[in-house]
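Overview (structure and organization)
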Amino acid sequence: MSEIIVVDPISAGRNRGAIISQYCNKTLKLRRRRQTRPSIRDFSPSSRPSIRSYGMEGDTTDAEVSKRERLVNNLQNLPVSDRVRMLRGMPLSVAEKKEIRHVARSHRFFLMQKEKRILSNKKLSCCSQLKYYIIIVSYPFWYSWLSFLHSLQPWQTLLKRVSGRFGTGVLSYFLFLKTLVFFNVFLFLVTGAFLVLPQAVHPPYRDTTSFSGLELLTGAGSFSHTVMYYGYYANYTLPRRSRDEGGGQNASTLTSDSQQFSYNMPLAYFFTIGMAFFITCIILVYSMSKTFGRSFRINKSNSILTMKTFSCWDFKVIKKKSVQIMSENIGTQLKELLAELTQKHTKSTFCKRFCRLMVHGVAWTICIASTTGCMAGVYYFSEFIHKVRLDGLSSPAKLLSLPTVVSVINLLLPALFNLVGWMETYESPSVFAYVAIGRNLMLKMSMLGVLCFHWLGRVCWEDFVGQELYRFLLMDFIFTLLDTLFGELLWRLFSEKVLKRKRKPVFDIARNVLDLIYGQTLAWLGVLFSPVLPVVQILKLFLVFYIKMSSVMLNCQAPRKPYRASQMTTIFITLLCIPSLLGASVCVTYTMWSITPSTSCGPFRTLDTMFKAGKHWMEILEKDNPSLSVLSKAHTYFVENPFFLFVGAGIFLIVIYFHSQVVDGQRKIISLLQDQIQNEGEDKKFLINRLQSVHKQKQDAGKRLKSQVSHLYNHQHF
């Protein structure tokens, strides 16, 4: 056997054949090390190792081609990682490396297909072969379908761009808006499928009015004679149509002759609204439990900073625009982590702490007093508008006056809160954001409380309440546009043109998020009186997303102090669940159980309360089918009894509480384990230092002993 020639990779005068020969030998050695001496029959004839691979005589063209073939055969039997590493180490041109890699890959694929085909023909049955071919054919379609589903997720590129330029705080606002779109789409699908569509297919007899255009502002007029409002829906079993809708015995559907019904609209209206709120509550509680686990876990900035620095780049991203967005995103996240690491908590004196507490007390007093004054003003103004409307002096301007006043308060008072917050001088931007969220939440919920008292305590005309909620949603959208125009665009132009500064306004996360929660609460309140109101909310959210996205990109700047908003999404979902959905559920439940419906319109016009629809239907069902009396008893104990409603709400709250406690316990355990790891590291350092000192002492003692022996020897010799 000839001797293996090893050529230096950087030696001069080496030709191409020597390079291929050298790496042919290397791949052969690596392949032999990887394999555990398999049988020769396990190899295909073209991939069996040959002793001819050790010969390297000659550099003719035929020899070079044969060496190249052997190199390809050896490469194709290596794992992918070893193959890539071996190709990278070859001192060949990029084109030659690509050619060798392509030939090895295609040849390997051909051999695998050939072996699979032979194996399948020999060992697999017909059913197994059919199953195998179905899997092979459906594999690329499955991945194409997954890629298509991923592409259907809206706004992915825009969200990545916002995250890269403005950080996780601004990103949390747009993610929260996206979540609200999902909830409203779900709500519309439920109400549209079970209420709007059946009633639109079988419309009742109504006198119609012409469209004037003011309906888009007031929500009244011809809109009152459509499926948009509660009063349009029939109180009988569809598809029956009746001209006598005044509420007599002939119009009442909840009679014993309804056993031949096809669709009971009052019952469908009652259970659709109830199930929509129930399913929404379950989804929100589940979302809260998931976000609690993700955002409140222990993640020290040191470890996250290391992961972000060394292992966060996605090498599958190759487009120039995508690479730029990813680099901006990673850079912003690194800034946030570094800001969290460099944040210093200085200990202040007693006088400074006392002065700071006094400033906080004054600030909260101003916020509470201003909110209380606005509540009183809205209450008395709503009473005045109510009297004007009873006198028959209503006009489009008067109908829009109350929503306008409330929207002006919601626009101006948060500016006062921000001014008070700047007076407090919070060190952490995240603390400032959370305090602003609390104050804006106090304002929004107090306004909604006054309005609910005004609507449910005095008015109680379902169509009017639905129209009011439509007007409030519309005015909220208009004032959002005005705030974007004057608060962001004109302020940027004034700062650049007049003040000659490059500073831009910072996006107010707290106020904008609470505006979203305020609008969503209106949508949840209005779904009982206007089943089509979720569509209005969806259109509003889509427009707000693109308007705010454009304004943020053009008119706003990133926060001067970067901060990592790791818990904002959890706080937003919690606020959406407990004050917003819970408050809307209480108002809707009170309306359905306690307030007498209108006697001239709506699906419950002949009943004392909306809640009696289910009870009356159960009585008829039990009368017609005595064997179904169990359902009637279950309805009596579980639906009519409010105790189970409070039990269900209590169970949800207990689940949230225990989940938060479990997460808190996990955080404590993780913190203790991290402290233990840190202590073990300190112990190792101490032991290493101790060993080094002992070793040094022994070396010094040995040197002294050696010097003493040498000195004694020299002395004796002398």
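See the structure printed just above.
Residues numbered from 1 in each chain as written. Predicted model: local features only at pLDDT ≥ 70, side-chain atom pairs only at ≥ 80, totals over all residues. Heavy atoms only, no water.

**Observations concerning the packing of aromatic side chains**
For any pair of aromatic rings, geometry is given as the distance between the ring centres together with the angle between the planes. In the structure shown here, the tally under the stated rule is 25 aromatic pairs. Seen from their ring centres, Y173 and F174 are 5.0 Å apart, and the 80° between their planes marks the pair as edge-to-face. For F174, a relative accessible area of 0% gives the class buried. Linked through ring pairs, W155, Y173, F174, F507, F542, F545 and Y546 together constitute an aromatic cluster. Across the ring face of W364, the terminal group of R439 is positioned such that the distance to the ring centre comes to 4.5 Å. K444 extends its terminal NZ or CZ atom over the ring of Y518, reaching a point 5.4 Å from the ring centre. (Phe/Tyr/Trp six-rings, centres within 6.5 Å; stacked < 30°, edge-to-face > 60°. Buried < 20%, exposed > 50% of the residue type's maximum accessible area, 1.4 Å probe, protein only. Lys NZ or Arg CZ within 6 Å of the ring centre and 35° of its normal.)

**Re a positive patch on the surface**
A cluster of basic residues, R501, R503, R560 and K561, forms a positive patch at the surface. With respect to the element layout, K561 can be found in the loop between α18 (533-555) and α19 (568-594). (Patch = residues over 30% accessible without salt bridge, like charges linked within 9 Å, V, L, I, M, F, W, Y side chains within 5 Å. Areas by Shrake-Rupley, 256 points an atom, 1.4 Å probe, with all protein chains shown as cover. Salt bridge = Lys/Arg side-chain N within 4 Å of Asp/Glu carboxyl O. Lys, Arg positive; Asp, Glu negative; His and termini not counted. Charge placed at Lys NZ, Arg CZ, Asp CG, Glu CD. Helix = DSSP H or I, 4+ residues; strand = E, 2+ residues; numbered from the N terminus.)

**Side note on the pattern of salt bridges**
Going through the model one piece at a time under the given rule, you end up with eleven salt bridges. Between R471 and E468 there is a salt bridge, with its nearest N and O atoms 2.9 Å apart. One end of the pair is R471 and the other is E468, both in helix α16 (residues 462-497) and three residues apart, which spans about a single turn. By relative accessible area, which is 0% here, R471 ends up buried.

**With respect to helix α7 (residues 168-201)**
Helix length check: α7, at 34 residues, gives a terminal C-alpha distance of 47 Å against a target of 50 Å (1.5 Å per residue), a fit within 8%. Its axis deflected by about 50° at G192, α7 carries its strongest bend there. (Expected span 1.5 Å × (residues − 1). Bend = angle between axes of the 7 residues up to and from the residue.)

**Looking at the packing of helix α6 (residues 156-166) against α18**
Two elements in contact, α6 and α18, have axes separated by 11 Å at closest approach and are oriented at 35°. Considering how the two elements wind past one another, α6 and α18 form a crossing that is left-handed. Where α6 abuts α18, its residues L158, L159, R161, V162, R165 and F166 lie against F545, Y546, M549, V552 and M553. Of the residues that constitute the contact of α6 with α18, the class distribution is nine nonpolar, no polar and two charged. (Axes fitted to C-alpha atoms, helices over the stretch in contact; angles between N-to-C directions. Left-handed = near helix turned anticlockwise from the far one by under 90°. Contact = heavy atoms within 4.5 Å. Nonpolar A, V, L, I, M, F, W, Y, C, P; charged D, E, K, R; others polar.)

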